[in-house]
Amino acid sequence: MSGLTTKELLERFRVGDRRACAQIISFVENGAPEATLLLDELYPMMGRAYRIGVTGPPGAGKSTLVEKLAMECRRQGKKVGIVAVDPSSPFSGGAVLGDRVRMSSLFTDPEVYIRSMATRGSLGGLAGRTKEVCDILDAFGKDFIIVETVGVGQMELDIAEAADSTVVVLVPESGDAIQTLKAGLMEIGEVYCVNKSDREGADRMVMEIGTMLEMRAKNDGWMPPVVKTVATTGKGVEELFNKILAHRRYLEESNRLSERRRKVIRNEIERIIEERLREVFYHQPGVRKRLEEMVSDVEQRKVSPYQVADMLWKMYFGNEQRRV
Ligand SMILES: Nc1nc2c(ncn2[C@@H]2O[C@H](COP(=O)(O)OP(=O)(O)OP(=O)(O)O)[C@@H](O)[C@H]2O)c(=O)[nH]1
Ligand SMILES: [Mg+2]
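Residues numbered from 1 in each chain as written. Chains lettered and ligands numbered in written order. Predicted model: local features only at pLDDT ≥ 70, side-chain atom pairs only at ≥ 80, totals over all residues. Heavy atoms only, no water.

Asks: When you look at the overall build of the protein chain in this model, what are you seeing that I'm missing?
Replies: Looking only at helices and strands, the protein chain features 14 helices and 7 strands. The buried share of the protein chain, reckoned over its 324 residues, is 44%. Taking contacts inside the protein chain between residues at least 6 apart in sequence as the whole, the part at least 24 apart equals 72%. In the structure as shown, the protein chain presents an accessible area of about 17,100 Å², 52% of it carried by carbon and sulfur atoms. (Helix = DSSP H or I, 4+ residues; strand = E, 2+ residues; numbered from the N terminus. Buried < 20%, exposed > 50% of the residue type's maximum accessible area, 1.4 Å probe, protein only. Contact = heavy atoms within 4.5 Å. Areas by Shrake-Rupley, 256 points an atom, 1.4 Å probe, with all protein chains shown as cover.)

As structure tokens, this is what we get:
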């Protein structure tokens with residue numbers, strides 16, 4: 001694939017060449033110079049895929065469940081993209097053979113595209129990149145894109161926001177842990193899944209989740225359903241998928257899907273501008289150095305952080321602009 005011009009790469013992508021798709025994703029992941037142009041070119045082809053975020057504690061069975069959800073999509077003749085963000089055991093790459101074997105039926109299916117992104121912490125902006133990787137798979141013609149993340153941090157929240165439907169996967173044993181989880185995970189789910197329901201305590205867990213959801217501040221006219229699954233056997237997965245589709249219908253019929261997508265677009269533009277502003281600001285000669293120098297002054301309470309920020313601001317914008 002290397003050595004192709006951007007135009008050639010795009011031509012291959014458009015006819016469904018998986019290697020071209022992989023190459024474009026790599027460019028975007030690595031922040032290569034051609035990335036922006038490629039994304040611009042692909043933009044008109046995006047917006048058709050439905051995006052499902054799957055999140056939950058480590059080991060809850062997310063990957064197994066994603067595999068089964070993808071199979072369900074395939075059974076219905078839909079094309080699927082899978083993105084695993086920062087997986088402890090990657091789907092692809094061969095690093096963990098076990099995962100690869102488990103996913104094997106999907107690996108050989110040309111209508112399924114699986115990508116792991118194990119780059120958390122590098123260069124920042126990963127949440128943005130995840131969205132862009134989904135965008136590429138969208139342009140590639142996938143009907144559904146399923147994103148797996150271990151939750152819940154700011155990044156997962158960002159990803160949840162970019163997903164059309166967010167599935168939260170919990171297990172019967174989450175029991176007490178749910179207290180600590182509820183702040184994050186109990187807010188973002190649109191469909192809840194009690195996986196490993198072959199184990200004891202699944203029904204109690206379903207009830208507890210239901211109770212917590214009733215107390216949730218804002219449900220927007222959608223009461224998140226709770227589904228029991230056994231990802232290893234596929235039990236309950238069809239129902240889970242149906243609930244996701246029901247959520248989709250709800251979003252479409254209430255006009256919320258386009259509202260949400262507009263919000264995502266707005267956020268994205270703002271994020272790009274903020275990134276650029278930050279970059280331009282700190283690249284201004286002397287700004288970083290001056291900031292460092294002032295830290296000890298602030299530490300000794302000679303000046304306040306606001307006064308330092310004002311000073312730096314003036315270095316950049318001159319006198320007429322004041323802090324807001
Ligand atoms: N008993 C039982 N085991 C399950 C079920 N689903 C998944 N597992 C097992 O749980 C383990 C973890 O499954 P994964 O799918 O890798 O879980 P994960 O949430 O993706 O894990 P991380 O990505 O590492 O956070 C594996 O050994 C699975 O076989 C289930 O429904 N019942
Ligand atoms: Mg996993």
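Asks: Before we go on, may I ask you to explain the coordination of the magnesium ion (ligand 2) in this structure?
Replies: Reference values for coordination geometry: four tetrahedral donors around a metal ideally subtend 109.5 degrees, six octahedral donors ideally subtend 90 or 180 degrees. Protein coordination at the magnesium ion (ligand 2) comes from S63 (OG) and E148 (OE), with a distance range of 2.0 to 2.2 Å. Taken as a pair, S63 in helix α4 (residues 62-75) and E148 in strand β4 (residues 144-150) lie far apart in primary sequence, 85 residues in all. By the burial criterion, S63 is buried, and E148 matches it. (Donors = N, O, S within 2.8 Å, 3.2 Å for Na, K, Ca; no water.)

Asks: Help me understand the nonpolar core in this model?
Replies: Side chains of a nonpolar character, in soluble globular proteins, are inclined to be buried together. With 32 residues, the main nonpolar core has I52, V54, L69, I82, V167, L240 and I244 as its most contacted residues. Contributing elements (two or more residues each) for this core: β1 (50-56), α4, β2 (80-85), β3 (112-117), β4, β5 (165-170), β6 (191-194) and α11 (237-253). When residues of this core are assigned to their parent elements, the largest contribution, 7 residues, is made by α11. Of all hydrophobic cores here, the second largest spans 28 residues; its members include V28, L39, A139 and V147. (Core = buried A, V, L, I, M, F, W, Y, C linked by side-chain atoms within 4.5 Å.)

Asks: How do you make sense of helix α10 (residues 202-215) when you look at a structure like this?
Replies: Owing to its 3.6 residues per turn, the α-helix brings residues three or four apart onto one side. The first and last C-alpha atoms of α10 sit 20 Å apart over 14 residues, in line with the 20 Å expected at 1.5 Å per residue. All buried positions along α10 are accounted for by A202, M205, I209, G210, M212 and L213. The buried residues of α10 occupy one face: seen down the axis, they fall within an arc of 165°. Facing away from the buried side of α10, by more than 90 degrees, are the exposed residues D203, M207, E214 and M215. (Expected span 1.5 Å × (residues − 1). Arc of directions from axis to C-beta.)

Asks: Any chance you could explain helix α3 (residues 35-42) here in plain terms?
Replies: Within α3, burial applies to A35, L38, L39 and L42. Relative to the axis of α3, the buried residues are bounded by an arc of 95° and lie together on one face.

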